[in-house]
Amino acid sequence: MNVNPTRMEMKRLQQRLKTASRGHKLLKDKTDEMIRRFIAVAEENKRLREETEKELASALVSFAQARANTDSRVVEEAILMPSRALKITTSSRKIMGINVPSIEVEDNGGELYPYSFLTVTEQLDNAVRGLNAVVIKLIKLAETEKACNMLAEEIEKNKRRVNALENIMIPQLTETIKYIKMKLDESERSATVRLMKVKDMLN
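A quick note: this is a predicted structure, and the numbers were derived from the prediction, not measured.

**Q** So what's going on with the pairing of strand E1 (residues 86-95)? Residues and values would help.
**A** With 10 bridges joining them, E1 and strand E2 (residues 98-107) adopt antiparallel strand pairing. What sits directly across from Thr-89, in E2, is Glu-104. Where E1 hands over to E2, the hairpin turn is made up of 2 residues, of which Met-96 adopts a positive phi near 55°.

**Q** Lay out the side chain of Glu-143 with the relevant residues and their values.
**A** Looking at the element boundaries, Glu-143 is found in helix H3 (residues 122-202). A distance of 2.9 Å separates a polar atom in the side chain of Glu-143 from a polar atom in the side chain of Lys-140. Glu-143 has contacts with Arg-93, Pro-101, Ser-102 and Ile-103, leaving out every residue within four places of it along the chain.

**Q** Please give an account of H3 that cites residues and values.
**A** Look at H3: 117 Å from first C-alpha to last across 81 residues, which is about the 120 Å you get at 1.5 Å a residue. The sharpest bend along H3 comes to roughly 40°, located at Leu-165.

**Q** So what about the nonpolar core? Which residues, and what values?
**A** By size, the foremost hydrophobic cluster in this structure holds 13 residues, and its most contacted members are Leu-13 and Ile-180. Counting residues per element, this core draws most heavily on H3, at 7 residues. Ranked by size, the runner-up nonpolar core spans 9 residues in total, among them Met-34, Ala-147, Cys-148 and Ile-155.

**Q** Tell me what's going on with the environment of Glu-104, and back it up with residues and numbers.
**A** When you line up the elements, Glu-104 lands in strand E2. Contact partners of Glu-104, with chain neighbours within four places excluded, come to Lys-87, Ile-88 and Thr-89.

What counts, and at which threshold
Residues numbered from 1 in each chain as written. Predicted model: local features only at pLDDT ≥ 70, side-chain atom pairs only at ≥ 80, totals over all residues. Heavy atoms only, no water. Pairing = 2+ DSSP bridges. Helix = DSSP H or I, 4+ residues; strand = E, 2+ residues; numbered from the N terminus. Polar contact = N/O pair within 3.5 Å; in protein donor to acceptor, adjacent residues only side chain to side chain. Contact = heavy atoms within 4.5 Å. Expected span 1.5 Å × (residues − 1). Bend = angle between axes of the 7 residues up to and from the residue. Core = buried A, V, L, I, M, F, W, Y, C linked by side-chain atoms within 4.5 Å. Buried < 20%, exposed > 50% of the residue type's maximum accessible area, 1.4 Å probe, protein only.

Have a look at this one:
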């Protein structure tokens, strides 16, 4: 760093070094805690994804069987007008100071099967029941995946800040302080030598 080697400058840089070191520790601790929280959210996301994929696959198999065993027009007419609706309320919650989405799902409790049981097969009943159950999990999965992405981005930003402090700013400040101290020591020795010479001359 290009600075004047004075005691005032050294004191200023020492204060900056102290602040940078404290900031580095706080950022590192925050990053470690964010990683811990991220792992918890990621595990929940993995569990939800596995359950959702399994239930969705099962519902789609049932739907394919229903289409195979029933006239496609009958199936389409049976599910054309859904009788249930979901009310979705979006907000946000904080994880380590980061606003992540929060989604509340409310079922209106309408009729699950919007058709007559006489016109369709059991497989369509299974498909409708399965898809109704999985749609809420799909919404919760979207919530946890977004939270994971936002946490991962913030962790990456914090890591870059920690690395910048650890590998650039703190070493530069330390080296500059060392350089100023060396220059001040040299000046002090030179001043001492001059005083000794003056003293010898006076004697």
